[in-house]
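Inside the fold
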Amino acid sequence: MTDTTESDLAVRTAAPADRATVERLWLMFRHDLSGFRRLLPRPDGTFRDERVEDAFSSPDWAPYLFVRGEHPVGFAFVRGLGAPVRVLNSFFVVRGARRTGIGLRAVHEVLTRHPGGWEVAFQYENAGAVAFWRRVAAEAAGDAWAEEPRPVPGRPELPPDVWISFDVRGRAPGAGRRD
């Protein structure tokens, strides 16, 4: 095992040649999420993957790959590149790299590449995500961020997703933090 540190992290736009790597990371990501929403894989052992297709083919999306040394350690998908508010559609760091600062550094690099308004969704059942995204919002926008539950479109049986909104350019006047 190579001894690397957070300073070895590279956050780069995923190229078509990275797609197979991102697809394998995607399976880990969806597996992690399956525990919070009781989602099962398809008969072939994969999970829904239209977001991977969108990230690599839509001009309104951007896929990012996080690499530490020679090891892929995560990815992010951004959608709404041409919109006033971008959505961090998917964000994942492999378990072996969590709690090392890599996730915070990677998300900061992705956010600063696309200044402006942002939204991120997560589930209250995922305590790690709750703490992480609140920290990201506070570091990006101070007290000028908002949190609200929203129904999952087309899935009334699921608890609502939680959305955090903030702006990476600065603090919006009159905006405040809500828990």
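Calculation criteria
- Residues numbered from 1 in each chain as written.
- Predicted model: local features only at pLDDT ≥ 70, side-chain atom pairs only at ≥ 80, totals over all residues.
- Heavy atoms only, no water.
- Core = buried A, V, L, I, M, F, W, Y, C linked by side-chain atoms within 4.5 Å.
- Buried < 20%, exposed > 50% of the residue type's maximum accessible area, 1.4 Å probe, protein only.
- Contact = heavy atoms within 4.5 Å.
- Pairing = 2+ DSSP bridges.
- Helix = DSSP H or I, 4+ residues; strand = E, 2+ residues; numbered from the N terminus.
- Axes fitted to C-alpha atoms, helices over the stretch in contact; angles between N-to-C directions.
- Polar contact = N/O pair within 3.5 Å; in protein donor to acceptor, adjacent residues only side chain to side chain.
- pLDDT = per-residue confidence, 0-100.
- Phe/Tyr/Trp six-rings, centres within 6.5 Å; stacked < 30°, edge-to-face > 60°.

Further remarks concern the nonpolar core. In terms of nonpolar packing, the biggest core is built from 47 residues, with F66, L88, F91, V110, W133 and F166 touching the most fellow members. The contacts of F166, once residues within four sequence positions are left out, are L111, G116, G117, W118, V120, V136, A137, A140, A141, A144 and W145.

Bringing the sheet that holds strand β1 (residues 9-13) into the picture now. In spatial order, the strands read β1-β2-β3-β4-β5-β7-β6; together these seven strands make up an open sheet with mixed pairing. The open sheet has two edge strands, β1 and β6 (146-150), and neither has a second partner. Neighbour to neighbour, the strand axes of the sheet diverge by 25° on average, direction disregarded. By the bridge criterion, four bridges tie strand β4 (residues 85-93) to strand β5 (residues 117-122) in an arrangement that is parallel. Opposite V85, over in β5, you have G117 as the bridge partner. Its contacts with the sheet place helix α3 (residues 102-113) against β1, β2 (61-68), β3 (71-79), β4, β5 and β7 (161-167), and it is angled at close to 35° to β1. Across the face of the sheet, helix α4 (residues 127-141) comes into contact with β4, β5, β6 and β7 while running at roughly 15° to β7.

Moving on, we come to the side chain of Q123. Within the secondary structure, Q123 sits in the loop between β5 and α4. Judged by its relative accessible area of 13%, Q123 falls in the buried class. A distance of 3.1 Å separates the side chain of Q123 from the side chain of D161, its partner in a polar contact.

This brings us to the pairing of β3. The two faces of a sheet get side chains in turn, since along a regular strand they alternate between them. Relative to β3, β2 runs antiparallel, the two sharing eight bridges. What sits directly across from R68, in β3, is H71. Counting the residues that bridge the hairpin from β2 to β3 gives two residues, and of these G69 lies at a positive phi of roughly 65°. Alignment of β3 against β4, held across six bridges, turns out to be antiparallel. Paired with F77 across the bridge in β4 is S90. Taking the residues that link successive antiparallel strands as the turn, the β3-β4 hairpin has five residues, and the phi of G80 there is positive, at about 85°.

The next thing to look at is the confidence of the model for the chain. Confidence along the chain averages 84 in pLDDT terms, with 84% of residues attaining 70 or more. Element-level pLDDT for the chain is lowest in helix α1 (residues 19-37), with a mean of 81, against a maximum mean of 96 in β2. The low-confidence segment residues 170-179, where pLDDT is below 50, has 18 contacts with residues more than four positions distant or belonging to other chains.

A word on the packing of aromatic side chains. The description of two aromatic rings rests on the distance between their centres and on the angle between their planes. Counted according to the given criterion, the structure contains 11 aromatic pairs. Their ring planes at 85° and their centres at 5.5 Å tell us that F29 and F75 sit as a pair that is edge-to-face. Here the residue F29 occupies a position in helix α1, and F75 occupies one in strand β3, the gap between them amounting to 46 residues. Like F75, F29 is buried. Ring centres 5.7 Å apart and planes at 25° place the aromatic pair F91 and F132 in the stacked group. In this pair, F91 is assigned in strand β4 and F132 in helix α4, connecting sequence segments 41 residues apart. Since its relative accessible area comes to 21%, F132 is described here as partly exposed. By the ring-pair criterion, three or more aromatic residues cluster together here, those being W26, F29, F75, F77 and F92.

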